[in-house]
Amino acid sequence: MMPPETPGTGALWPWPSLRWERDEVLREQVALLRQNFPMTLAASLATALGTMWVMDGAVDPQALTAWLISHVLVVMGVYLSLRSMDPTTDPARWSAYKLMVCMAGMGLSWGGLGLVVMHWGNASSVVYAIGIISTVSSGALGLGAPLYRAYLVYLSCAIGSVLLAIALAGGPVLWPALFLVLVYFSLTCMQASTADTATRRSIALKLENQRLVGELRAESQRAQAAQQIAEKADRDKSRFLAAASHDLRQPLHAMGLFLESLQRSPLNAHQQTVLDHAHAASSAAAEMLTTLLDYSRLEAGVVKVRPSAFAVQPLLTALEQEFGVQADNARLVYRTRETSLAAHADRSLVGLVMRNFISNALRYTTRGGVLIACRRRGQRVALEVWDTGIGIPQSQWDDIFQEFLQLDNPERDRRKGLGLGLAIVHRLVREMGTTVELHSKPGQGSVFRLWMDAWDGALEDETAPLGDDHSLAGLHVLAIDDDEAVLLGMQSLLQSWGCLCTVASSGADALERLGDDIPDLIITDFRLRLEETGKQVLQALRTHLGTAVPAIIMTGDTSPQRLRDAQSTSALLLHKPVSTSQLREAMVQLITQPQPVRAKGSARQPADEAAATASGAAGP
């Protein structure tokens, strides 16, 4: 019984099993054999011509010429058969059978040389013929190695003819010659089997690599598609936040203006209580929108770190004034340890981080209180916020710095904020190149530390804040906004301060209402109707008026691109909802700065340069 060939191993038995390799492996084998064939045919023709030269005088010329012609015809037939094959459409097994037929034809052609020599040659020609056929068969091993069956057919046809010629010749060397030829046949078959095994393993490895590369490419495409979806979702989120924030800020800003005007009216006790509640509700909504704005400003990349030396105590005092009343209302103790330390950092960003820490501490503390302290460790200073609140499990210390994540707030109580405070802290700390420490025990409280560089040098005198007692009476203010409610609230507030107010809904409307008058101050919204922006309005008005009129741009937009655009204006930038104290302080700041007066028709560029001096607070 014939033993079956084991895939991937060489078989001692020369004949392979009737089972083909799987189609993809067989197709690669056929492709390799077909690729090698043309060069082998050319070598076969060259060898045939060399045989004619070697056998000259040892074999009948006519018989040798007839063999050469038949060999050339076989080579041409094989070549044409190869040209007719199409590996992309022909079945792999059909192509393999055609190649086996071609190999059989080549083997019979070279085997026929032995029969010619035996009948029409002398003794020396027999030796030549056996040597030439053996050499050609060994050389064909490289051709047939990719497809073992095809080479075995070729070798059997070629060596079989030699065996037949030896048997027909007879003589005393018959059996030794037959034995030696059979040994050569067996050894060559074993070598071909080994080459075939190596070839199939190489093909299998190639196909496996192609499969892995295909899977990797598909996985990469899926990852890229997922990344594009995530990026689109992030852009959609930013657009949603920008649109929602702007649309909410407009009525909230108008409400703040009306509430402030109402505050200046005579009210009874009940009305004053209702007004206080309205102020509280407005402040809570403003806090959430401000948080969104801070987050969007970080995403927009308009937050620039400007480190400088500053004393820590004034910052702590300002924080106590800001949060002390809130702590009192919640019946919590708010304590600040006085310090004489100084730090080198961005004071405004440090204040923003501390406000988020303190606001978070008050929000999650129901008993006890909050302690704000500052201590030095070597060349660094730590601002600390201690609380006696609910505490944070250690497993969630990293999670709390993620966006929109809140602990102990499953009902999403908006009085506990949006869950962005510590995410903002995380980004701010990264921007400043410093670190934050957290230590907490559930049920006992938490401590947050912000580390900064210590400062041992002299400090510049801090500028005293502007007071609210500066009179605005008689100040001509041009207010531009496309929201009628905001305009009415702005007009009412400005007139209560004694200002002369001109209101307009667009740049063209402002030019028409002003005529040749030059206002002392311009207050404009950033996003107006018909894609008009406050930046464009200011440029048009300053060009028309011929002077760099001080200006305030107010925006409720949180879109990163719009924030960057507003940031580039030579005006003071305020973010809605703007409190009346903020607005008054900004107005006082601008009108108390010396402004150059230019004649009408002055060049636009100098006007913009002069306006740049009024942009001290135009930043994040």
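Caption draft 1: Geometry of the overall build of the protein. For the protein, the helix and strand inventory stands at 16 helices and twelve strands. The buried share of the protein, taken over its 620 residues, is 46%. Considering only residue pairs separated by 6 or more positions, the protein has 74% of its internal contacts joining residues 24 or more positions apart.

Caption draft 2: Fine view of a nonpolar patch on the surface. Judged by side-chain polarity, L45, I69, V72, L73 and M76 come together as a nonpolar surface patch covering roughly 430 Å² of accessible area. Tallying contributions element by element places helix α2 (residues 61–84) first for the nonpolar patch, with four residues.

Caption draft 3: Quick peek at the state of the cysteines. Under the counting rule described, the total for this entry stands at zero disulfides. Here C499 stays unpaired: no disulfide links it, and the sulfur of C501, its closest cysteine neighbor, is 7.7 Å away. By relative accessible area, which is 5% here, C499 ends up buried.

Caption draft 4: Up close: the packing of aromatic side chains. Throughout the structure, instances matching the rule amount to two aromatic pairs. Over the ring of W497 we find R584; its NZ or CZ atom is 5.4 Å from the centre of that ring.

Caption draft 5: Representation of the sheet that holds strand β11 (residues 551–555) within the structure. Strand order across the open sheet formed by five strands is β9-β8-β10-β11-β12, with parallel pairing between neighbours. If you trace the sheet from one side to the other, it starts and ends with β9 (500–504) and β12 (572–575), each paired once. Pairwise comparison of adjacent strand axes, ignoring direction, gives a mean angle of 20° for this sheet. Relative to β9, strand β8 (residues 476–480) runs parallel, the two sharing five bridges. Residue A479 lies in a different strand from β9, and its bridge partner there is V503. Sheet strands in contact with helix α11 (residues 484–496) are β8, β9, β10 (521–525) and β11, and its direction is about 170° off that of β9.

Caption draft 6: Molecular detail of the pattern of salt bridges. Overall, the coordinates contain seven salt bridges when judged by the stated rule. Two residues, E219 and R222, come together in a salt bridge whose shortest N-O distance is 2.5 Å. Of this pair, E219 and R222 both sit in helix α6 (residues 174–263), separated by three residues, roughly a single helical turn. With relative accessibility at 43%, the residue E219 sits in the partly exposed group.

Caption draft 7: Looking closely at unusual backbone geometry. One non-glycine residue, R331, lies in positive phi territory at about 60°. If you trace the backbone, R331 turns up in the loop between α8 (312–329) and β2 (333–336).

Caption draft 8: Region of the structure containing the packing of α2 against helix α3 (residues 92–120). At their nearest, the axes of α2 and α3 sit 10 Å apart, and the two run at 175° to each other. If you check the angle between α2 and α3, you find them roughly antiparallel. The residues of α3 that touch α2, namely those facing A63, L64, W67, H71, V74, V75, V78, S81, L82 and S84, are K98, L99, C102, G105, M106, S109, W110, G112, L113, V116 and W120. Split into classes, the residues belonging to the contact of α2 with α3 amount to 14 nonpolar, six polar and one charged.

Conventions used here
Residues numbered from 1 in each chain as written. Predicted model: local features only at pLDDT ≥ 70, side-chain atom pairs only at ≥ 80, totals over all residues. Heavy atoms only, no water. Helix = DSSP H or I, 4+ residues; strand = E, 2+ residues; numbered from the N terminus. Buried < 20%, exposed > 50% of the residue type's maximum accessible area, 1.4 Å probe, protein only. Contact = heavy atoms within 4.5 Å. Patch = residues over 30% accessible without salt bridge, like charges linked within 9 Å, V, L, I, M, F, W, Y side chains within 5 Å. Areas by Shrake-Rupley, 256 points an atom, 1.4 Å probe, with all protein chains shown as cover. Salt bridge = Lys/Arg side-chain N within 4 Å of Asp/Glu carboxyl O. Disulfide = S-S within 2.5 Å. Phe/Tyr/Trp six-rings, centres within 6.5 Å; stacked < 30°, edge-to-face > 60°. Lys NZ or Arg CZ within 6 Å of the ring centre and 35° of its normal. Pairing = 2+ DSSP bridges. Axes fitted to C-alpha atoms, helices over the stretch in contact; angles between N-to-C directions. Parallel < 35°, antiparallel > 145°, perpendicular 65-115°, else oblique. Nonpolar A, V, L, I, M, F, W, Y, C, P; charged D, E, K, R; others polar.

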